[in-house]
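Tertiary structure, described
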Amino acid sequence: MSDSVIIARHLSKVVDAPEAKLTILDDVSLSIARGGSVAIVGASGSGKSTLLSLLAGLDLPSSGEVILAGQSLATLDEDQRAALRAEQVGFVFQSFQLLDSLNALENVMLPLELEGRRDAAERSRQLLERVGLGHRLSHYPRQLSGGEQQRVAIARAFASEPAILFADEPTGNLDAVTGAHITDLLFELNREQGTTLVMVTHDARLAERCAAALHLEAGRLKEDQP
Amino acid sequence: MIGRDLPLASRLLLREWRAGELRVMLLALLIAVLVSTAISFFTDRLQRGMATRAAEFLGADMRISSREPLPQEFLQEAINNSLQHTDMVDFSSVTSSDMEMQLSSIKAVGPDYPLRGEVRIAQQAFGAEQVATDIPDAGSVWIEPRLLNVLGLEVGDTLEIGYAQLRISALLTHEPDRAGDFYSLTPRVLMNLADLPATRVVQPGSRVRYRLLVSGSEADLQRYRQWLEPRLESHQRLTSVADDNRQIGSALQRANQFLGLASIAAVVLAGVAVALSASRFASRHYDTSALLRCLGASRQRTLRLFLLQLLGLGIIATLLGLFAGWLMQWGLIHLLRDLLPPDLPAAGPKPLLVGSATGLVGLLGFGLPPLLRLGRVSPLRVLRRELTPLPGSAWLIYGLALSGLSLLMWQFTGNLPMTLAVIFGGALAALLLGSLAWLLLRASGNRLRNAGLAWRLGSGQLLKQPAAAAGQILAFGLILMSMVVIFILRTELLDAWQAQLPEDAPNHFALNILPAEEPAFRQALDDIGARSAPLYPVTPGRLTAINGEPVREHVTKDSPGERAINRDLSLTWASELAPDNLLREGLWWEQLPPSDEHRVSVEAELADSLGVGLGDQLSFVIGGATVEAEVSSIREVNWDNFTPNFYMVFSPGALEGQPSTLLTSFHLPADQRDGLRELTRAFPAMTLLEVEAILQQLRDILDQVTLAVEYVLIFVLLAGFTVLFASLQATLDTRLYEGALLRTLGARRQLLRQANRLEFSLLGALAGLLAIVAAELVTWLLYRFALDLAWQPHFSLWLLVPLAGALLIGFAGALGTRAVVNQSPMKLINRGA
């Protein structure tokens, strides 16, 4: 456990709903080892995405603590958390989140350009070739299929060599065959770069490929956890 | 930090541009800058052109006058400032032939006279005119035709002025600086300054005006003026285009006000377009902002990246706009070349400054507030798309934008009351319009609930977000309001001017009619078909004291009061108040208790300048005797209408026993000018003054103004359409998505087309209704507080404007939403996901 890259202690998230307070996460504690792969699984509304957003520092818990890459997120303000994300974290989303106004190459370059890296274009080109899109560099997202868009998103996620990759239903918008290809790609890159992978999914087969799975039910982790 | 982000921001900007994201915003900014630059260029040049015309009335850009010869250093400094210059000496003297004598006003001019405008001469009375290329040769004079009649002379004969004998080489038909005081004018003689010593008329103590005329570039004149003003002594007077001549002054002023107002409308409209497109830009970039944050950019840096893009866009738009505005102004001037003065002066740097300032104010004031929301996008939006940032306190920034705009407006109009009237009228109207729009929308929504599907869909679009729809109605309402206000002002201001100067405005003044000749003169006017104003008795007299104190102590230098006391006033008495005079204070004679005291009614502006009020005792010296009169009323006088008007009107009997002549003005159609010859023969002592030429000059100016106004209106319209399309663009995304959805559900294109048309027609009609309400309010405020005109409601517009709004916006809306009807639903559903 000493090599845990993500530690969560007693996380709770409560939001104001129209009639009463709604508890989305209830006292969740976990730890994820460096280089590992963990699937967060559960039914719709079980709090998977909320847990992911708390672990990634996109949102703050109502109570409890997250330690990401050795830093307690509670002690960081929003901009410091952003800086931590820039350094350590990559994302892959269900809805790809590519910018419509940028072409494939430019979408991948974006995080590198934010870092100010001079080799942004070269490295992005390599990554796009690695994901099999070397011939579609100047295509805009609307000119790409769903699977191709997700491959661009994966190239972008790995561009800044993150220590941790968060993936939110990465195959959720894709058909089974394409989804399988994307999954393969994700795991290959994960292995090559030694990234810690945290994946939200309700696809059981995808979850099985991860080293561990956390089952969420109504905001609580089920007891049969490792 | 900025240095590091600048290249990235430029790259992002370039990519956004390539992807076509920025075109609407750039267009809006571009048009804002273009419109204000073009209008500013055009009005600047036109104003300079009109100032040139006004300068013709002075014969120069600036005139320095004195009772004594002007110091040599005044001339030297004019030369040092590379100004054109010439000397002139005015005086009255008896001129004579072998048989007759006549008091004449003589103007001895130096070479280069006039510096502005032209002198026209003819070889016989009422003969063909030609423009004089020089001044009279030494030894010769040009005289007014009527002097020929009086003295029984012909062209070529000799005229005596003092000891000099000068040959009459031509008849003087037009001199540019004639339009001064009609009442004191005796026939004009124009002579060469070189002949002046030979006349020996000008002796120490003679009543003479020495004048120095100067002309040149504005900067040179300004420098000269600054040097000169502190050196002027009390008897020396500086007159420039801006402060000379009532008639031209007020026409110019109104023209400036109007053009300024049109510019304001265009700038406000363009600002609205910028705000709308910036808002669309912002809402389309929430995802980008969230993603940047997610990728580790700080809130500050994200915002900085967007602001740098905005700034870059602003700079590009401003440069393009300045250039396009400059081009457009040239095109405009080219189109109007036959109607504009041929030598329209070049514009100064001001239009470029105004254009850039408009770009900056529009960008920061209207573009910034929506963009600031981009800094508040939560990174969590990448997971939960429904998270849109809260609207911040944009009030402060809109307040700043409004203040900036106010400054711009003030700059445009140079008229603070008008600027304030427009701003407060506009703000009040916006508030009223906004709430009213919201109420109307809800009312019509309730009414349409049971209407057909197309109606429900159309009004549903508006009712879905009533606040947004009210905002749109407000935006369109403002455009229509501006257009309506301009339309109303255009017609009514011009009507007001035209009403003051109708085609049958008096075009001749007749002075020095002997009281005994009055019946015969009336008859003679009837005979030649002239229509005459009443005949007023005129007695020259001087105001010497107010309540026993010498009048000099009451006036400050350069005030109208000073002008009035420096010379003989034309005093009159009348039993009736002249029809276009208005009593501001006090009562007319018949409403006052009978009294043995003499009473006098004073013109309002002069009264203010002299600090004279009701009950004050004025002393006049008339023909060597002192006459006392009590101020019993203060009159507003319309000086623009070329009928006889007087600073001082005495009660009947007050001037009894004083020598007087009669004065009137009359209209004689141009084709009956032959009658003038008979008139001057029958009444040789009468002085006849033709104001036709002056009127024509004034009409020319009004025509130019009308023209400018109409073309400026085109720019305003252009700005209006930008807003229209910008606001359509702003809602296009959701429309496309919903249109696709409806078509997926089986809606026919006809239905969608109908719903769109109904939606925008409803929007247009409501906007039109609000526009006319607001326009009435704004014009009332303007008329009441800035333009000083009588206001009446415009009932026909109450029907026309909503109808025009429905048609215009209905058509443009259908045009702008064609894509909703035409694009493939499948594609849209895919994209909307």
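Described below are features of the structure shown in this document.

Reading the values: the criteria
Residues numbered from 1 in each chain as written. Chains lettered and ligands numbered in written order. Predicted model: local features only at pLDDT ≥ 70, side-chain atom pairs only at ≥ 80, totals over all residues. Pairing = 2+ DSSP bridges. Helix = DSSP H or I, 4+ residues; strand = E, 2+ residues; numbered from the N terminus. Contact = placed C-beta atoms within 7 Å. Axes fitted to C-alpha atoms, helices over the stretch in contact; angles between N-to-C directions. Nonpolar A, V, L, I, M, F, W, Y, C, P; charged D, E, K, R; others polar. Buried ≥ 20, exposed ≤ 12 C-beta atoms within 10 Å, placed from the backbone. Parallel < 35°, antiparallel > 145°, perpendicular 65-115°, else oblique. Left-handed = near helix turned anticlockwise from the far one by under 90°. Core = buried A, V, L, I, M, F, W, Y, C linked by C-beta atoms within 7 Å. Right-handed = clockwise from strand over helix to strand, strands pointing away.

Remarks on the sheet that holds strand β9 (residues 212–217) of chain A
Pairing between the strands of a sheet comes from backbone hydrogen bonds, and it takes one of two forms, parallel or antiparallel. All names here are of chain A. Spatially, the six strands line up as an open sheet ordered β6-β7-β8-β3-β9-β10, and their pairing is mixed. The open sheet is flanked by β6 (89–92) and β10 (220–221), the only strands paired with a single partner. Helix α5 (residues 146–159) contacts β6 and β7 (164–168) of the sheet and is inclined by roughly 175° relative to β6.

What about the interface of chain B and chain A?
Interfaces are frequently sized by the accessible area removed from exposure as the parts join. Each side of the interface is counted separately: chain B has 22 residues, and chain A has 27 residues. Counting only elements with at least two residues in the side of chain B that touches chain A, the list comes to α1 (2–18), α8 (286–294) and α9 (299–335) of chain B. A total of five residues in the side of chain B that touches chain A trace back to one element, the largest contributor, which is α8 of chain B. Class assignment for the residues of the side of chain B that touches chain A results in ten nonpolar, four polar and eight charged.

Looking at the environment of Leu 303 of chain B
All names here are of chain B. Relative to the assigned elements, Leu 303 resides in helix α9. Residue Leu 303 is classed as buried on the basis of its 20 C-beta neighbours within 10 Å. Expressed as a C-alpha distance, the spacing of Leu 303 and Leu 371, which sit 68 residues apart in the sequence, is 8.1 Å. The residues touching Leu 303, leaving out its near neighbours within four places in the chain, are Leu 374 and Gly 375.

Observations regarding unusual backbone geometry
Residue Pro 114 of chain B is bonded to the preceding Tyr 113 of chain B through a cis peptide linkage, with omega at -10°. With a phi close to 55°, Gln 97 of chain A is a non-glycine residue in the positive phi region. Tracing the sequence through the fold places Gln 97 of chain A in the loop between β6 and α3 (104–115). A positive phi angle, near 50°, is found at Ala 218 of chain A, a position not held by glycine.

So, the packing of α3 of chain A against α5 of chain A
Residues and elements named next belong to chain A. Viewed as axis vectors pointing N to C, α3 and α5 meet at an angle of 20°, and their least axial separation amounts to 8 Å. Put simply, α3 runs roughly parallel to α5. Considering only the axes of α3 and α5, their crossing is right-handed. Contacts from Ala 104, Asn 107, Val 108, Leu 110, Pro 111 and Leu 112 in α3 reach Val 152, Ala 155, Arg 156 and Ala 159 in α5. Taken together, the residues of the contact of α3 with α5 break down into eight nonpolar, one polar and one charged.

Focus: the nonpolar core
Within the largest apolar cluster, 184 residues are counted, with the highest numbers of intra-cluster contacts made by Ile 40 and Val 198 of chain A. Of all the elements, helix α20 (residues 749–787) of chain B adds the most residues to this core, at 19 residues. Aside from chain neighbours lying at most four places away, what touches Ile 40 of chain A is Lys 48, Leu 51, Leu 52, Val 198, Met 199, Val 200, Leu 214 and Leu 216 of chain A. Membership of the second largest hydrophobic core comes to 44 residues, among which are Ala 108, Val 119, Val 141 and Leu 148 of chain B.

Considerations on the sheet that holds strand β2 (residues 21–33) of chain A
Residue and element names in this part refer to chain A. Here four strands make up an open sheet; going across it, the order is β2-β1-β4-β5 and the pairing antiparallel. Both outer strands of the open sheet, β2 and β5 (71–72), are each paired with one neighbouring strand and no more. Examined bridge by bridge, strand β1 (residues 4–16) and β2 share nine bridges and lie antiparallel to one another. Note that in β2 the partner of Asp 16 across the bridge is Lys 21. Sitting on the sheet, helix α1 (residues 48–55) touches β1, β2 and β4 (63–68), and the angle it makes with β1 is about 125°.

What about the pairing of β7 of chain A?
Residues and elements named next belong to chain A. With five of five residues buried, β7 is to be regarded as a mostly interior element. The side-chain alternation of β7 yields two buried faces, one formed by Ile 164, Phe 166 and Asp 168 and the other by Leu 165 and Ala 167. Both β6 and β7 contribute to a ladder of four bridges, which runs parallel. Following the sheet pairing, Phe 91 is matched in β7 by Phe 166. Pairing of β7 with strand β8 (residues 196–201), which is carried by five bridges, proceeds in the parallel orientation. Considered in β8, the bridge of Phe 166 is made with Val 198. The parallel pair β7 and β8, bridged by helix α6 (residues 176–193), forms a crossover whose chirality is right-handed.

It is worth stressing that arrangement in space is one thing and function is another; only the former is reported here.
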